[in-house]
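Here's the letter readout for the chains.
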Amino acid sequence: MECQTLDLREHVCPMALLLAKRATAQLGHGDQLIILLGDAGAQQDIPRYFEQQTFTIEWLDRPQQARLKVTKE
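All of these numbers come straight from a predicted model, not from anything done at the bench.

Asks: Residue-level account of the nonpolar core, with values.
Replies: Among the nonpolar cores identified, the biggest contains 17 residues, and Leu8, Ala20, Ile35, Leu37, Ile46 and Phe50 are the most heavily contacted of them. Counting only elements with at least two residues in this core, the list comes to strand 1 (3–8), helix 1 (15–25), strand 2 (32–37), helix 2 (40–51) and strand 4 (66–72). The element contributing the most residues to this core is helix 1, with four residues.

Structure follows, in structure tokens:
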């Protein structure tokens, strides 16, 4: 199981979502990606997108930091 980190704190949607999609396209079954989010829109849109796809999501330490763990199913 591989775990990477993607820092999107300086990006806003829709660019943040596009970058997250590109990063997760490379994940294999069981791989994880930690996504650091700053933009309020990205904090809503990105989890919503991954919930509709073949991913499991988990907030790690919200609201102090917006770290989202995405796991490919």
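Asks: Before we move on, could you go through the side chain of Gln32 and cite the residues and values that matter?
Replies: You can see Gln32 is positioned in strand 2. A polar atom in the side chain of Gln32 sits 3.5 Å from the side chain of Thr71.

Asks: Lay out the pattern of salt bridges with the relevant residues and their values.
Replies: Throughout the structure, instances matching the rule amount to four salt bridges. Residue Arg67 pairs with Asp61 through a salt bridge whose shortest N-O separation is 2.9 Å.

Asks: Can you tell me about the side chain of Thr24, naming the residues and giving the values?
Replies: Position of Thr24 relative to the elements: it lies in helix 1. Reaching out from Thr24, the side chain makes a polar contact with the backbone oxygen of Lys21 at a distance of 3.1 Å. Setting aside chain neighbours within four positions, we find Thr24 in contact with Leu33, Phe50, Phe55 and Val70.

Asks: Describe the packing of aromatic side chains, and please don't skip the residues or the numbers.
Replies: Within this structure, the stated rule accounts for two aromatic pairs. Geometrically, the ring pair formed by Tyr49 and Phe50 is edge-to-face, given 5.1 Å between the ring centres and 70° between the ring planes. On the basis of relative accessibility, which here comes to 0%, the residue Phe50 falls in the buried class. Arranged with centres 4.9 Å apart and planes meeting at 75°, the rings of Phe50 and Phe55 form a pair that is edge-to-face. Taking the relative accessible area as the measure of exposure, Phe55 reaches 11% and is therefore buried. A network of ring pairs unites the aromatic residues Tyr49, Phe50 and Phe55 as a single cluster.

Rules used throughout
- Residues numbered from 1 in each chain as written.
- Predicted model: local features only at pLDDT ≥ 70, side-chain atom pairs only at ≥ 80, totals over all residues.
- Heavy atoms only, no water.
- Core = buried A, V, L, I, M, F, W, Y, C linked by side-chain atoms within 4.5 Å.
- Buried < 20%, exposed > 50% of the residue type's maximum accessible area, 1.4 Å probe, protein only.
- Helix = DSSP H or I, 4+ residues; strand = E, 2+ residues; numbered from the N terminus.
- Polar contact = N/O pair within 3.5 Å; in protein donor to acceptor, adjacent residues only side chain to side chain.
- Salt bridge = Lys/Arg side-chain N within 4 Å of Asp/Glu carboxyl O.
- Contact = heavy atoms within 4.5 Å.
- Phe/Tyr/Trp six-rings, centres within 6.5 Å; stacked < 30°, edge-to-face > 60°.

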